[in-house]
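Spelled out, the chains give:
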Amino acid sequence: QVQLVESGGGLVQPGGSLRLSCAASGSIFSINAMGWYRQAPGKQRELVATITSGGSTNYADSVKGRFTISRDNAKNTVYLQMNSLKAEDTAVYYCHAVILTLIAATTTHESNYWGQGTQVTVSS
(Lines give C-alpha, C1' and ligand atoms only; values in the text may rest on other atoms or scores of the structure.)
Protein backbone atom coordinates (compact mmCIF):
# COMPACT_ATOMS: atom_id res chain seq x y z
CA GLN A 1 0.00 0.00 0.00
CA VAL A 2 1.18 3.46 -0.91
CA GLN A 3 -0.09 6.76 0.46
CA LEU A 4 0.47 10.36 -0.54
CA VAL A 5 -0.11 12.84 2.27
CA GLU A 6 -0.29 16.54 1.48
CA SER A 7 0.12 19.52 3.77
CA GLY A 8 0.55 23.28 3.61
CA GLY A 9 -2.69 24.59 2.15
CA GLY A 10 -4.67 27.44 3.63
CA LEU A 11 -5.94 30.98 3.22
CA VAL A 12 -3.59 33.65 1.92
CA GLN A 13 -3.99 37.19 0.64
CA PRO A 14 -3.31 38.07 -3.01
CA GLY A 15 0.42 38.48 -3.53
CA GLY A 16 1.22 36.12 -0.68
CA SER A 17 3.03 32.80 -0.62
CA LEU A 18 2.36 29.22 0.41
CA ARG A 19 4.41 26.04 0.31
CA LEU A 20 2.75 22.70 -0.27
CA SER A 21 4.37 19.40 0.66
CA CYS A 22 3.48 15.85 -0.31
CA ALA A 23 5.13 12.81 1.24
CA ALA A 24 4.84 9.33 -0.23
CA SER A 25 5.02 6.34 2.08
CA GLY A 26 4.46 2.60 1.99
CA SER A 27 5.86 -0.24 -0.09
CA ILE A 28 7.77 1.94 -2.55
CA PHE A 29 10.42 0.52 -4.84
CA SER A 30 11.04 3.78 -6.67
CA ILE A 31 9.25 6.97 -7.68
CA ASN A 32 9.28 8.30 -11.22
CA ALA A 33 7.47 11.56 -11.97
CA MET A 34 5.81 13.57 -9.23
CA GLY A 35 3.59 16.58 -9.65
CA TRP A 36 0.82 18.87 -8.59
CA TYR A 37 -2.60 19.33 -10.14
CA ARG A 38 -5.45 21.59 -9.11
CA GLN A 39 -9.19 21.74 -9.48
CA ALA A 40 -11.25 24.88 -9.02
CA PRO A 41 -15.02 24.74 -8.44
CA GLY A 42 -16.85 23.95 -11.66
CA LYS A 43 -13.64 23.31 -13.59
CA GLN A 44 -11.67 20.27 -14.66
CA ARG A 45 -8.54 19.19 -12.87
CA GLU A 46 -5.49 20.76 -14.50
CA LEU A 47 -1.76 20.25 -14.38
CA VAL A 48 0.20 22.77 -12.33
CA ALA A 49 3.74 21.38 -12.39
CA THR A 50 5.64 18.12 -12.70
CA ILE A 51 9.16 16.98 -11.89
CA THR A 52 10.99 13.84 -12.99
CA SER A 53 13.21 11.71 -10.80
CA GLY A 54 16.15 13.44 -12.45
CA GLY A 55 14.85 16.90 -11.63
CA SER A 56 13.46 18.04 -14.97
CA THR A 57 10.47 20.29 -14.48
CA ASN A 58 7.39 21.34 -16.42
CA TYR A 59 4.92 24.12 -15.55
CA ALA A 60 1.54 25.33 -16.68
CA ASP A 61 1.86 28.68 -18.43
CA SER A 62 -0.38 30.28 -15.80
CA VAL A 63 2.11 29.60 -12.99
CA LYS A 64 5.46 29.99 -14.74
CA GLY A 65 7.70 32.42 -12.90
CA ARG A 66 5.54 32.28 -9.75
CA PHE A 67 5.54 28.60 -8.69
CA THR A 68 8.52 26.31 -8.16
CA ILE A 69 8.33 22.53 -7.88
CA SER A 70 11.09 20.55 -6.18
CA ARG A 71 11.58 17.13 -4.65
CA ASP A 72 13.65 15.38 -2.04
CA ASN A 73 14.20 11.84 -3.31
CA ALA A 74 15.63 10.66 0.02
CA LYS A 75 12.37 11.67 1.72
CA ASN A 76 10.03 10.67 -1.15
CA THR A 77 8.62 14.18 -0.92
CA VAL A 78 7.60 16.77 -3.50
CA TYR A 79 7.13 20.46 -2.78
CA LEU A 80 5.35 23.34 -4.49
CA GLN A 81 6.48 26.84 -3.55
CA MET A 82 3.77 29.27 -4.63
CA ASN A 83 4.59 32.98 -4.73
CA SER A 84 2.68 36.03 -5.96
CA LEU A 85 -0.56 34.16 -5.50
CA LYS A 86 -3.66 35.35 -7.31
CA ALA A 87 -7.36 34.82 -6.70
CA GLU A 88 -7.45 32.55 -9.75
CA ASP A 89 -5.02 30.18 -8.03
CA THR A 90 -7.80 29.25 -5.60
CA ALA A 91 -8.42 25.52 -5.92
CA VAL A 92 -7.96 22.14 -4.32
CA TYR A 93 -4.39 21.08 -5.02
CA TYR A 94 -3.65 17.38 -5.54
CA CYS A 95 -0.31 15.64 -5.38
CA HIS A 96 0.38 12.95 -7.98
CA ALA A 97 3.14 10.38 -8.26
CA VAL A 98 4.07 7.52 -10.56
CA ILE A 99 5.34 4.85 -8.21
CA LEU A 100 6.87 1.43 -8.72
CA THR A 101 6.11 -1.23 -6.13
CA LEU A 102 7.84 -4.59 -5.89
CA ILE A 103 5.30 -7.36 -6.45
CA ALA A 104 7.79 -10.24 -6.76
CA ALA A 105 11.51 -10.75 -6.31
CA THR A 106 12.36 -9.23 -9.69
CA THR A 107 9.04 -7.74 -10.77
CA THR A 108 7.78 -4.23 -10.30
CA HIS A 109 4.40 -2.70 -10.99
CA GLU A 110 3.87 0.93 -11.92
CA SER A 111 0.79 2.80 -10.75
CA ASN A 112 -0.52 6.33 -10.47
CA TYR A 113 -1.22 7.60 -6.97
CA TRP A 114 -3.07 10.71 -5.81
CA GLY A 115 -3.15 12.59 -2.56
CA GLN A 116 -6.37 13.54 -0.81
CA GLY A 117 -6.14 17.19 -1.84
CA THR A 118 -5.44 20.37 0.08
CA GLN A 119 -7.42 23.60 -0.24
CA VAL A 120 -5.66 26.77 -1.29
CA THR A 121 -7.75 29.95 -1.06
CA VAL A 122 -6.40 33.29 -2.21
CA SER A 123 -8.60 36.10 -0.99
CA SER A 124 -8.42 39.46 0.74
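Preceding this paragraph is the structure being described.
Fair warning: this is a prediction, and the values are worked out from it, not measured in the lab.

**Q** Is there a simple way to explain the overall build of the protein in this structure?
**A** Per the secondary structure count, the protein includes zero helices and eleven strands. Walking the protein from its N terminus toward its C terminus, one meets helices and strands in the order β-β-β-β-β-β-β-β-β-β-β. Over its C-alpha atoms the protein spans a radius of gyration of 15 Å, differing by no more than 12% from the 14 Å that the globule rule assigns to 124 residues. Expressed as lengths along the three principal axes of its C-alpha atoms, the size of the protein is roughly 55 × 25 × 25 Å. Burial analysis of the protein (124 residues in total) assigns 41% to the buried set.

**Q** Help me understand the nonpolar core, please; the structure alone is not making it clear to me.
**A** The tendency in soluble globular proteins is for nonpolar side chains to be buried as a group. In terms of nonpolar packing, the biggest core is built from 30 residues, with W36, L80, M82 and Y93 touching the most fellow members. Those elements that place two or more of their residues in this core are strand 1 (2-7), strand 3 (18-26), strand 4 (30-39), strand 5 (46-51), strand 7 (67-72), strand 8 (77-82), strand 9 (91-104) and strand 11 (118-122). Residue contributions to this core peak at five residues, all from strand 9. Among all residues touching M82, those that are not within four sequence positions of it are G16, S17, L18, L20, R66, F67, Y93 and V120.

**Q** Whenever I open this one, the side chain of S21 confuses me. Can you help?
**A** Within the secondary structure, S21 sits in strand 3. Overall, S21 belongs to the buried group, its relative accessible area being 18%.

**Q** Can you walk me through the pattern of salt bridges in this structure?
**A** Side-chain pairs of opposite charge can arise where the charged atoms are in close proximity. Tallied over the full model, the rule gives four salt bridges. Residue R38 is joined to D89 by a salt bridge in which the shortest nitrogen-to-oxygen separation is 3.0 Å. Note that R38 is positioned in strand 4 and D89 in the loop between strand 8 and strand 9, a separation of 51 residues in sequence. This pair shows no difference in class: R38 is buried, exactly as D89 is. In this structure, D61 engages K64 in a salt bridge whose closest nitrogen and oxygen atoms are separated by 3.1 Å.

**Q** In this structure, what is going on with the packing of aromatic side chains? I would like to understand it.
**A** Aromatic rings in a pair are described by how distant their centres are and how their planes are angled relative to each other. Taken as a whole and assessed by the stated rule, the structure comprises one aromatic pair. For the pair Y37 and W114, a centre-to-centre distance of 5.1 Å together with 65° between the ring planes defines the contact as edge-to-face. Of the two residues, Y37 is situated in strand 4 and W114 in strand 10 (residues 107-114); the sequence distance between them amounts to 77 residues. Given a relative accessible area of 39%, W114 falls into the partly exposed group. When the ring centre of Y79 is taken as reference, the NZ or CZ atom of R19 above it lies at 4.1 Å. Cation over ring: R45 sits above W114, and NZ or CZ is 4.7 Å from the ring centre.

Rules behind the numbers
Residues numbered from 1 in each chain as written. Predicted model: local features only at pLDDT ≥ 70, side-chain atom pairs only at ≥ 80, totals over all residues. Heavy atoms only, no water. Helix = DSSP H or I, 4+ residues; strand = E, 2+ residues; numbered from the N terminus. Rg over C-alpha atoms; globule rule 2.2 N^0.38 Å. Buried < 20%, exposed > 50% of the residue type's maximum accessible area, 1.4 Å probe, protein only. Core = buried A, V, L, I, M, F, W, Y, C linked by side-chain atoms within 4.5 Å. Contact = heavy atoms within 4.5 Å. Salt bridge = Lys/Arg side-chain N within 4 Å of Asp/Glu carboxyl O. Phe/Tyr/Trp six-rings, centres within 6.5 Å; stacked < 30°, edge-to-face > 60°. Lys NZ or Arg CZ within 6 Å of the ring centre and 35° of its normal.

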